[in-house]
Amino acid sequence: MSSEIGTVASEMTYGRNEWFHYALAEITSGGISLYWDLNYNAFTLEDPPFVFSVLRATELTSDTSAYTAIAENLEDTYSYIDSSIPSIGKWPHYYYMIKLETDLRTVYSPPVMLYGGLSDRQRALARGIIRRALLSPRHLQHFACILLKRKYSGTVCSCRDSITEEVLKPDCTECYGTGFVGGYYQEGSEKILIVNSPLNSIETFDKSVKIGSVTPAKMAARFSGLPPVRYNDVFVHPATNRRFYVVSSKVAAEIHGFPLIQELELQLADYKDVIYKFSLEG
Ligand SMILES: [Zn+2]
């Protein structure tokens with residue numbers, strides 16, 4: 001019984017099922033942002049390409065026929081912004097499903113609710129937690145970064161050993177050492193990182209300092225919202241083109257299991273690192 005309840009709870013909160021590791025939605029300045037990730041163990045090498053559609057309904061149901069596709073043929077991405085939602089005014093009562101078509105199957109995420117379906121009271125609490133986390137450290141360094149989510153699936157790079165799956169060229173410019181062509185997915189909207197580190201490591205953001213003369217620095221930072229950030233994801237600071245690997249991440253505040261604040265440890269990539277060869281879009 002308890003495992004059944006656990007399954008329902010994780011479906012409600014994370015949009016998790018046999019196929020999806022998570023499917024989450026939050027309100028951002030551009031609309032409703034959706035993020036998802038697959039449970040790669042559930043798929044075979046014959047499944048790709050992974051082609052997604054975003055479906056939307058006005059009632060909470062797992063009946064797929066109640067949903068309308070608002071985006072189709074999404075490839076090479078694990079996020080989508082539903083910008084048809086007015087960003088001010090009434091709380092939007094929309095529900096989403098992510099549809100996945102592969103060469104072998106068509107599967108769906110569980111219904112996705114904003115913030116995992118928090119109650120009004122929980123939402124007010126969540127807003128308070130986020131506001132405090134974002135506004136209180138006005139005197140602390142913060143900067144807008146672009147998140148690159150590391151690929152864990154897709155077209156396998158020719159530099160990867162087909163038997164051991166080892167990446168044989170860590171400086172490969174096809175996969176940037178990830179083993180999958182393209183290497184990373186660039187997230188659409190910038191994230192505001194708040195630096196927790198002591199001041200001495202913040203000097204690395206001085207634009208007048210040439211990148212080649214900077215000693216790789218580790219720093220602690222936090223940000224609010226989605227998506228879940230993992231080990232080896234990358235943040236790019238566009239103003240200085242400094243690039244940081246995530247070396248650890250944890251959820252520092254959550255409500256009803258939904259992540260609100262994530263705490264990260266970041267490592268400035270060595271200026272010779274292949275990650276600097278990755279070109280940003282836009
Ligand atoms: Zn490669």
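Being a predicted model, the structure only gives us computed values, none of them experimental. (Residues numbered from 1 in each chain as written. Predicted model: local features only at pLDDT ≥ 70, side-chain atom pairs only at ≥ 80, totals over all residues.)

Across its full length, the protein chain carries two helices and 15 strands. Across the 282 residues of the protein chain, 30% fall into the buried class. Of the contacts made within the protein chain by residues no fewer than 6 positions apart, 67% connect residues no fewer than 24 positions apart. (Helix = DSSP H or I, 4+ residues; strand = E, 2+ residues; numbered from the N terminus. Buried ≥ 20, exposed ≤ 12 C-beta atoms within 10 Å, placed from the backbone. Contact = placed C-beta atoms within 7 Å.)

Here we come to the confidence of the model for the protein chain. Counting all residues, the mean pLDDT for the protein chain is 84, and 86% of those residues have values of 70 or more. When the elements of the protein chain are averaged for pLDDT, helix H1 (residues 2-14) gives the smallest value, 64, and strand S7 (residues 106-108) the largest, 98. This stretch, residues 199-216, has a pLDDT under 50; its non-local contacts, to residues over four places away or in other chains, come to 22 contacts. (pLDDT = per-residue confidence, 0-100.)

Next up on the list: the environment of Met12. Summarising the element assignment, Met12 is placed in helix H1. Look at Met12 and you get partly exposed, because 18 C-beta atoms sit within 10 Å. In this view, Met12 contacts Gly116 and Gly117; residues no more than four positions away in its chain are not counted.

Pairing geometry for strand S1 (residues 20-28) and strand S2 (residues 31-38), over eight bridges, is antiparallel. Note that in S2 the partner of Phe20 across the bridge is Leu38. Counting the residues between successive antiparallel strands, the hairpin from S1 to S2 contains two residues. (Pairing = 2+ DSSP bridges.)

Let us look at the sheet that holds S2. Taken together, the three strands give an open sheet; going across it, the order is S1-S2-S5, and neighbouring strands pair in antiparallel fashion. Each edge of the open sheet is held by one strand with a lone partner, namely S1 and strand S5 (79-82). The average angle at which neighbouring strand axes cross in this sheet is 15°, direction not considered. (Axes fitted to C-alpha atoms, helices over the stretch in contact; angles between N-to-C directions.)

Next up on the list: unusual backbone geometry. The residue after Pro48, namely Pro49, is reached through a cis peptide bond having omega 10°. For Pro49, the position within the fold is in the loop between S2 and strand S3 (51-57). Cis peptide bonds are those with omega within 30 degrees of zero, and the linkage from Leu226 to Pro227 qualifies with -5°. With respect to the element layout, Pro227 can be found in the loop between strand S12 (218-224) and strand S13 (234-237).

One can find Arg16 in the loop between H1 and S1. By the C-beta count within 10 Å, which is 21 here, Arg16 ends up buried. Counting along the chain gives 94 residues from Arg16 to Pro110, while the straight-line C-alpha distance between them is 6.7 Å. Setting aside chain neighbours within four positions, we find Arg16 in contact with Ser10, Glu11, His21 and Tyr22.

Before going further, it helps to spend a moment on the nonpolar core. For soluble globular proteins, nonpolar side chains are generally found buried alongside one another. The biggest cluster of nonpolar side chains holds 32 residues, and the ones touching the most others in it are Leu24, Ala25, Leu34, Trp36, Tyr96, Ile98 and Val112. At the level of secondary structure, the elements contributing two or more residues to this core comprise S1, S2, S3, strand S6 (95-101), strand S8 (112-113) and strand S15 (258-268). Built from parts of two domains, this core gets at least three residues from each of domain 1 (2-117) and domain 2 (132-277). Other than its neighbours up to four places away in sequence, Trp36 contacts Phe20, Tyr22, Ala23, Tyr78, Ile98 and Ser109. (Core = buried A, V, L, I, M, F, W, Y, C linked by C-beta atoms within 7 Å. Domains from an automatic or database assignment.)

As a further point, take the environment of Lys169. Note on placement: Lys169 falls in the loop between strand S9 (142-150) and strand S10 (184-186). Measuring from C-alpha to C-alpha, the distance between Lys169 and Ser158 comes to 9.7 Å, with eleven residues separating the pair along the chain.

Two strands pair when backbone bridges link them, and S3 and S6 are joined in this way by seven bridges, in the antiparallel orientation. Paired with Arg56 across the bridge in S6 is Tyr96.

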